[in-house]
Amino acid sequence: MPSETTSSSQNFWIWIDRARMFPWFVGSLLAGILLSFPLYHGDLAAVGWAVEVARDSPWITWWTDVSDRSLFQGEPPGAQDVTYVAVIAVLVIYIVSLAPRLTQGWAEIRLWAGYYLCCMLCFLVVNRGLKAFFARVRPGDVLRGDHIFSPMWLLGHYDLPEALSKGSFTSGHTTTAMFLLPVFFIFLHSAYRSFAGPVFVLAVAWGASLGAGRVFSGSHYPGDVLWAMIVCLWICAFTSTHLFSLHRRHGSPASPWLWELRITIFAAFALLGLFLVLIGMKEMIFYGAWYWVAATALAAYFAWTCFEKAAFLARR
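Residues numbered from 1 in each chain as written. Predicted model: local features only at pLDDT ≥ 70, side-chain atom pairs only at ≥ 80, totals over all residues. Heavy atoms only, no water.

Some remarks on the pattern of salt bridges
Our working rule: Salt bridge, as used here, is a side-chain nitrogen of Lys or Arg placed within 4 Å of a carboxyl oxygen of Asp or Glu. Burial here depends on accessible area, computed with a 1.4 Å probe over protein chains only, as a share of the maximum for the residue type. Under 20% is buried, over 50% is exposed, and the range in between is partly exposed.
Applying the stated criterion to the full structure yields 8 salt bridges. Here Arg 69 makes a salt bridge to Asp 65, at a shortest N to O gap of 2.6 Å. The buried category is assigned to Arg 69, whose relative accessible area is 17%. Taken together, the shared-partner salt bridges in this structure form one network comprising Asp 141, Arg 144, Asp 146 and Lys 166.

Here's the deal with unusual backbone geometry
So the rule is basically this: For helices the rule is a DSSP run of H or I covering at least 4 residues; for strands it is a run of E covering at least 2, with both sets numbered from the N terminus onward.
For the peptide bond that leads from Phe 169 to Thr 170, omega is 5°, which places it in the cis range. On the secondary structure map, Thr 170 appears in the loop between helix 7 (160–166) and helix 8 (172–177). In this structure, Ala 135 is a non-glycine residue whose phi angle is positive, near 50°. According to the relative accessible area criterion, Ala 135 is buried, its value standing at 0%.

Re empty space enclosed by the protein
Here is the rule we go by: Here a cavity denotes a set of grid points, spaced 1 Å apart and computed over the protein atoms alone, in which a 1.4 Å probe fits but from which it cannot get out, and a pocket denotes an open set meeting protein on both sides within 12 Å along at least five of seven lines; residues with an atom within 4 Å of a point are reported as lining. Grid points are joined across faces, edges and corners, and a volume is the space filled by probe spheres set on the points. Side-chain classes follow a simple rule in which Ala, Val, Leu, Ile, Met, Phe, Trp, Tyr, Cys and Pro form the nonpolar group, Asp, Glu, Lys and Arg form the charged group, and the remainder, Gly included, forms the polar group.
All chains considered together, the criterion is met by 1 cavity of 30 Å³ or more. One number sums up the size of the largest cavity: a volume of about 40 Å³. Looking at the largest cavity, the residues that line it are Phe 123, Val 126, Asn 127, Leu 130, Thr 170, Thr 175, Ala 228, Val 231, Cys 232 and Ile 235. Those elements that provide at least two residues to the lining of the largest cavity are helix 5 (107–134) and helix 11 (222–243). When the residues that make up the lining of the largest cavity are grouped by side-chain class, the tally is 7 nonpolar, 3 polar and no charged.

This is the structure:
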């Protein structure tokens with residue numbers, strides 16, 4: 001019996017050692033909790049101060065405008081376009097890597113591109129899911145007196161359609177601005193680890209800068225920006241731990257076709273289903289919407305099916 005206990009303990013610590021996301025998760029969680037204490041009640045005051053400062057600073061006003069603009073919204077080029085260009089470029093690289101003549105030689109490039117696209121897709125799903133679930137009211141609406149302030153991690157007062165489109169928690173602009181974070185993990189798991197540190201600093205600096213622009217414009221709370229960055233870090237760490245451990249499949253004839261893309265799609269659908277379950281439960285409990293009972297059950301089945309599909313591909 002003691003030997004079994006010792007063996008289980010050893011296996012646990014071996015797993016901890018191999019789980020590369022563990023230090024990232026613990027470190028960022030502790031940092032997020034510590035920073036959240038003053039922001040829990042001080043989020044709105046921080047935004048009020050930031051808006052006042054921005055009014056007297058043309059440079060900050062210029063940056064808040066740039067951080068909000070995008071060519072895809074029919075506006076002049078803005079900071080968001082950097083992310084869109086990067087995603088399009090990686091998507092093109094991934095498609096090119098599927099050419100029969102490049103399948104073997106570009107196997108590693110295909111893996112990196114697939115990982116990057118997986119992270120960005122999960123960024124989008126999780127961000128929209130958090131917005132819809134927490135329904136946190138934007139600071140601008142609170143400052144105008146249209147809605148009541150709700151601290152982070154508590155449910156806000158937007159209805160579901162409004163929450164899905166403009167919920168404040170977490171910041172969508174900050175989420176997309178973390179487009180360099182997957183690149184950091186790519187370097188971390190490659191032979192070019194010396195580039196990982198500078199890329200991580202650049203990724204965090206860019207995300208924080210664009211997030212700050214959203215705070216100074218009165219569009220988001222500092223807590224929205226903080227947790228957007230932390231959630232993106234969790235997604236990248238978790239995804240890299242699993243996808244990069246399966247890189248050997250590129251050299252295996254038994255490898256399913258487009259396995260990394262299929263895992264990405266099923267994982268994103270599983271996350272979508274999970275958020276639909278959470279939203280359905282919230283709608284049932286707080287608003288008594290009876291039709292969400294059936295919707296929640298269907299969402300749970302959908303999430304579980306997609307999770308099983310992704311897990312099956314990971315086990316093959």
